[in-house]
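Structural features, examined
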Amino acid sequence: MCGIVAAVADRNVVPVLLEGLRKLEYRGYDSAGLAVLNGGLQRLRAVGRVAELAAQADAVRAAGTTGIAHTRWATHGVPSERNAHPHVSGGLAVVHNGIIENHEALRERLKADGYAFTSDTDTEVVAHLVEKKLKSVPDLFDAVRAALAELEGAYALAVMREDDPSRVVVAREGSPLLLGLADDGCYAASDASALLQVTRRMVYLENGDCAEIRRDGQRIARIDGTPVERPVIESQLSADAVELGTYDHYMQKEIFEQPDALANTLEMVGAARSLQPGLFGAAAADALQGARQVLILACGTSWHAGLVARYWLEAIAGIPCAVEIASEYRYRDSVPDPETLVVTISQSGETADTLAALQHARSLGMTRTLAICNVPESSLVRETALRFITRAGPEIGVASTKAFTTQLAALYLLTLVLARLRGRLDAAAEARELKALRHVPAAVQKVLDLEPAIKDWARLFGGKQHALFLGRGRHYPIALEGALKLKEISYIHAEAYPAGELKHGPLALVDKDMPVIAVAPNDALLEKLKSNLQEVRARGGELFVFADADSEIADSEGVHVLRLPEHYGALSALLHVVPLQLLSYHVALVKGTDVDKPRNLAKSVTVE
Ligand code: G6P
């Protein structure tokens, strides 16, 4: 994880570095640091948020025209000033995102060479290793390349040196990194949002690229020194999209942006009555047509989207579907079928486990690969044969909301395309499904109107330690997502169960202090769910039921019912997740937690 920024420009780069870090805080926020060259090497580090570092920089009037900066999500070593980046060796400073897997062996060797370590991080070996290389390879660019050849693992790195203030050397292997080309200098960062303040002209580095940025330009080479050119791309990211505007939190903003995010995502379908496989890429028709089964690989909320999709893919398209947590799949002995469509789902497209799971699937001979992703330039999108880019816009809140609902929309489109190709859907039925899908943004808008009532419910959760979420069928993954949201941002321990499993264990936990939240749309399983809810009520559990307008579940003592305005058939998962997002948001407000940056978490998990 972690975010990095680097700059070489005709101005004091400290404000640019700090603003860049603020934009990257979603990647990690337990400590931050920067270093600038101004005759000597000035390094500042602070535990906590970027604001702490900014205050320090202000107090000492930090300034320089060449600099690097870092916001950290601790992997090796606790969050502390000594473990915060940049790490230094002599007059050299390094910031790093990723994990150096062979850091222990390197550390021993460097110690034997006389290098003293002052942190517990894996990164510090990079600083000493480059410093050591400089003794025999005096050019910084060459010395960094020589050091990289000895590193195993993942990194985005920036390195600079006191007696060579005209440049910063950056490198990428497995962690995102791009360059920003501006009139007054050259910049680098983990993502485009950090650099929009200075430029829109971006160059995305590939794995194995190493670059030198200077005031007057940049050059890129592979680790072996072979020069390479990468295209300059005009970023389409809107600066407004990453601003909070009138909202109190990004999560709130992103929940309320869902109607627009869904409408934008569905825009590429237009008013069509029928979908073309080409929606998923030029080669999609063949790849989808011949697929015998679907394997979905994802993590976190994206995995929940995959779980919902399994119900759709099997019921509507009649194609067998397995959904696996990426970090499990990559290390499991499985039975591959080369005719599998491998669907990776990721908001960021940089999740290390999802990328590795994709590589694993490919190594097993599965080449029909599709990414459903919100970031067009991400590693995942670049590595799959097919892609569908959701248009949720940047998601900053760590707890994913609009990315999830747009992933569901994409997965429903995939279901319809596969259903058509497999002869499971006639033209009229497809046109009806598409019409229903196009109505979802408006339907979500109506669900958002329930916010005042949900806010009232949230007050009842303030003192609770635990909560249980129940759902059935395709709403079981929605219950899982509701529980994840609640634990992520309010720190209330929450679990989700398919309601039918209640009697096989979790019922033992139910008492007056255990609120039970039920996702209860008016579908074929409603009557079964109602019986499960009776079992809860009979044990004194307090029920909070999200029903549909036409579900016959009455409000009564200990049973609170909120009705969603419309019943939405197969698509109701897209609606029923929204009140659960709002509930966790308002419970977090009641508890006073940091909604957008929950403790110990980060948005983009680029480490294993
Ligand atoms: C982190 C985020 C989650 C996200 C998960 C997978 O845990 O906090 O919100 O669902 O990573 O991320 P991805 O970018 O692959 O969807």
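Conventions we followed
- Throughout, residues of each chain are indexed from 1 in the direction in which the sequence is written.
- With pLDDT at 70 or above as the cut-off, local features in this predicted model cover only qualifying residues; side-chain atom pairs require 80 or more to be listed or tallied, and sums for whole chains, interfaces and linings still use all residues.
- The side-chain quantities take in all heavy atoms of the structure and omit both hydrogens and water.
- Put simply, DSSP H or I for four residues or longer makes a helix, DSSP E for two residues or longer makes a strand, and each gets a number counted from the N terminus.
- For a compact globule the rule gives 2.2 Å times the number of residues to the power 0.38, and the radius of gyration it is set against comes from C-alpha atoms.
- Remark: exposure states derive from per-residue accessible area (1.4 Å probe, protein chains only) relative to the maximum for the residue type, with buried under 20%, exposed over 50%, and partly exposed in between.
- Only heavy atoms matter for contacts: two residues are in contact if any of them lie within 4.5 Å across the pair.
- Accessible surface is estimated by sampling points in the Shrake-Rupley manner with a 1.4 Å probe; for residues, cover comes only from the protein chains shown.
- Only four residue types enter the charge count: Lys and Arg as positive, Asp and Glu as negative, with His and the chain ends excluded.
- Every charge is mapped to an atom, namely NZ of Lys, CZ of Arg, CG of Asp or CD of Glu.
- Only one rule defines a salt bridge in this text: a Lys or Arg side-chain nitrogen within 4 Å of an Asp or Glu carboxyl oxygen.
- For each structure, a 1 Å grid was placed over the protein atoms alone; sets of points admitting a 1.4 Å probe that cannot get out are labelled cavities, open sets with protein on both sides within 12 Å along at least five of seven lines are labelled pockets, and lining residues have an atom within 4 Å of a point.
- Grid points are joined across faces, edges and corners, and a volume is the space filled by probe spheres set on the points.
- Think of it as three bins: nonpolar holds Ala, Val, Leu, Ile, Met, Phe, Trp, Tyr, Cys and Pro, charged holds Asp, Glu, Lys and Arg, and polar takes everything else, Gly as well.
- When DSSP finds two or more bridges between a pair of strands, those strands are recorded as paired.
- Nearness of a residue to a molecule or strand requires only that one of the residue's heavy atoms be within 4 Å of it.
- Whenever a nitrogen or oxygen atom comes within 3.5 Å of another N or O atom, the pair is scored as a polar contact, on the condition that within protein one atom can donate a hydrogen and the other can accept it, and that pairs from neighbouring residues in sequence are kept only if both atoms are in side chains.
- Any molecule with more than half of its atoms within 2 Å of a cavity's or pocket's grid points is regarded as sitting in that cavity or pocket.
- Here, nonpolar core means buried Ala, Val, Leu, Ile, Met, Phe, Trp, Tyr and Cys residues that are tied together by side-chain atoms lying within 4.5 Å of each other.
- Throughout, the arc means that of the directions going from the helix axis to the C-beta atoms.
- The rule is short: rings of Phe, Tyr and Trp, with Trp giving its six-membered ring, pair when the centres are within 6.5 Å, and they are stacked under 30 degrees, edge-to-face over 60, tilted in between.
- Only the stretch in contact is used when a helix axis is fitted, and all axes are lines through C-alpha atoms; the angle between N-to-C directions ranges over 0 to 180 degrees.
- Small angles under 35 degrees read as roughly parallel and large ones over 145 as roughly antiparallel, with 65 to 115 read as roughly perpendicular and the rest as oblique.
- Working rule for handedness: look at the near helix, and if it is turned counterclockwise from the far one by less than a right angle, call the crossing left-handed; if clockwise, right-handed.

The secondary structure content of the chain amounts to 18 helices and 25 strands. Its C-alpha atoms give the chain a radius of gyration of 25 Å, within 12% of the compact-globule value 25 Å for 608 residues. Reported as C-alpha extents along the three principal axes, the dimensions of the chain are approximately 75 × 55 × 45 Å. By residue count, 60% of the 608 residues in the chain fall in the buried class. Contacts in the chain between residues at least 24 apart in sequence constitute 72% of all its contacts with a sequence separation of at least 6. When the accessible surface of the chain is split by element, carbon and sulfur atoms take 49% of a total near 22100 Å². In the chain, which carries 64 positive and 77 negative side-chain charges, the distance between the mean positions of the two groups comes to 2 Å.

Another aspect to go through is the pattern of salt bridges. On inspection of all chains with the given rule, the structure shows 35 salt bridges. Salt-bridge contacts for R161 lead to D163; the nearest nitrogen and oxygen are separated by 3.2 Å. When salt bridges with common partners are traced through the structure, they connect D139, D164, R167, E212, R214, D216 and R219 into a single cluster.

The subject of this paragraph is the environment of F461. With respect to the helices, strands and loops of the structure, F461 is situated in the loop between α15 (451-459) and β21 (466-471). The exposure class of F461 is buried, given its relative accessible area of 0%. Each C-alpha atom, one on F461 and one on H87, is 44 Å from the other, the two residues being 374 residues apart in sequence. Sequence-distant contacts of F461, that is, excluding residues within four places in its chain, are made with I492, P515, I517, F544, L583 and V587.

With that out of the way, let us pick up empty space enclosed by the protein. For the coordinates displayed, the defined rule picks out two cavities of 30 Å³ or more. Size it by volume and the largest cavity reaches roughly 90 Å³. Here the lining of the largest cavity is composed, by residue class, of four nonpolar, seven polar and two charged. Its boundaries defined by the atoms lining it, the second largest cavity holds a volume of some 40 Å³. Looking at side-chain class alone, the lining of the second largest cavity contains five nonpolar, two polar and two charged residues.

Ordered in space as β5-β6-β7-β8-β12-β13-β14, the seven strands form an open sheet in which the pairing is antiparallel. Of all strands in the sheet, those with a lone pairing partner are β5 (87-89) and β14 (227-228), marking the two edges. Relative to strand β6 (residues 92-100), β5 runs antiparallel, the two being bridged by three bridges. Bridged to V88 within β6 is A93.

For the rest of this paragraph, the subject is the site of the ligand. Taken together, 14 residues lie around the ligand, and S302, S346, Q347, S348 and T351 are the ones closest in. Between the ligand and S346 there is a distance of 2.6 Å, counted from an oxygen atom to a side-chain nitrogen or oxygen. Relative to its unbound accessible surface of 380 Å², the ligand loses 90% to contact with the protein. The site holding the ligand turns out to be the second largest pocket. In terms of residue count, the dominant contributor to the shell around the ligand is helix α9 (residues 300-317) (three residues).

Across soluble globular proteins, nonpolar side chains show a tendency to be buried alongside one another. Core analysis: the largest hydrophobic core is formed by 92 residues, its most contacted members being F280, L341, V343, L413 and F469. With 12 residues, the single largest contributor to this core is helix α13 (residues 402-421).

A few words now on helix α2 (residues 50-59). Given 3.6 residues to a turn, an α-helix orients residues that are three or four positions apart in the same direction. The complete set of buried residues in α2 reads V50, L53, A54 and A57. Buried residues along α2 cover an arc of 100° about the axis, so they all sit on one side. The exposed residues of α2 that point more than 90 degrees off its buried face are A51, D58 and A59. Looking at the packing, one finds that the buried side of α2 touches α1 (14-24), β2 (31-37), β3 (41-47) and β4 (66-72). Looking at the residues trailing α2, positive phi occurs at R61, about 50°.

In this section: the pairing of β4. The buried fraction of β4 amounts to seven of the seven residues, a majority that puts the element mostly inside the structure. Burial of the side chains of β4 extends over both faces: T66, I68, H70 and R72 are buried on one face and G67, A69 and T71 on the other. Here strand β1 (residues 3-9) pairs with β4 via six bridges, running antiparallel. From the neighbouring strand, V5 faces β4, where its bridge partner is A69.

The relation between two aromatic rings is expressed through the spacing of the ring centres and the mutual angle of the planes. All chains considered together, the criterion is met by six aromatic pairs. A ring pair is formed by W457 and F544, whose centres lie 5.2 Å apart and whose planes are at 70°; its orientation type is edge-to-face. Separated by 87 residues along the polypeptide, W457 in helix α15 and F544 in strand β24 (residues 543-548) bring together distant segments of the chain. Side by side, W457 and F544 carry an identical accessibility label, which is buried. Through a chain of ring-to-ring contacts, the aromatic side chains of W457, F461, F544 and F546 assemble into a single cluster.

It is worth spelling out the layout of surface pockets at this point. Here the largest pocket defines a volume of roughly 910 Å³. Looking at the largest pocket, it is lined by 44 residues, and the ones nearest its centre are L237, N374, V375, P376 and P394. The set of elements that each furnish at least two residues to the lining of the largest pocket consists of β15 (232-234) and α7 (258-267). Considering every element that reaches the lining of the largest pocket, the biggest residue donor is α7, with four residues. Tallied by class, the residues present in the lining of the largest pocket amount to 16 nonpolar, 13 polar and 15 charged. Estimated volume of the second largest pocket: approximately 500 Å³.

Let us look at unusual backbone geometry. In this structure, P86 follows H85 across a cis peptide bond, with omega equal to 0°. In this structure, P86 sits in the loop between β4 and β5. The phi angle at R61 is positive, at roughly 50°, despite the residue not being glycine. On the secondary structure map, R61 appears in the loop between α2 and β4.

All right, on to the packing of helix α14 (residues 427-448) against helix α18 (residues 572-591) then. Running from amino to carboxyl end, α14 crosses α18 at an angle of 30°, the nearest separation of the two axes being 9 Å. Overall, the two elements α14 and α18 adopt an arrangement that is roughly parallel. In this structure, the crossing between α14 and α18 has a hand that is right-handed. Counting all contacts with α14, which are made through V440, A443, V444, V447 and L448, the residues of α18 involved are L574, L575, V578, P579 and L582.

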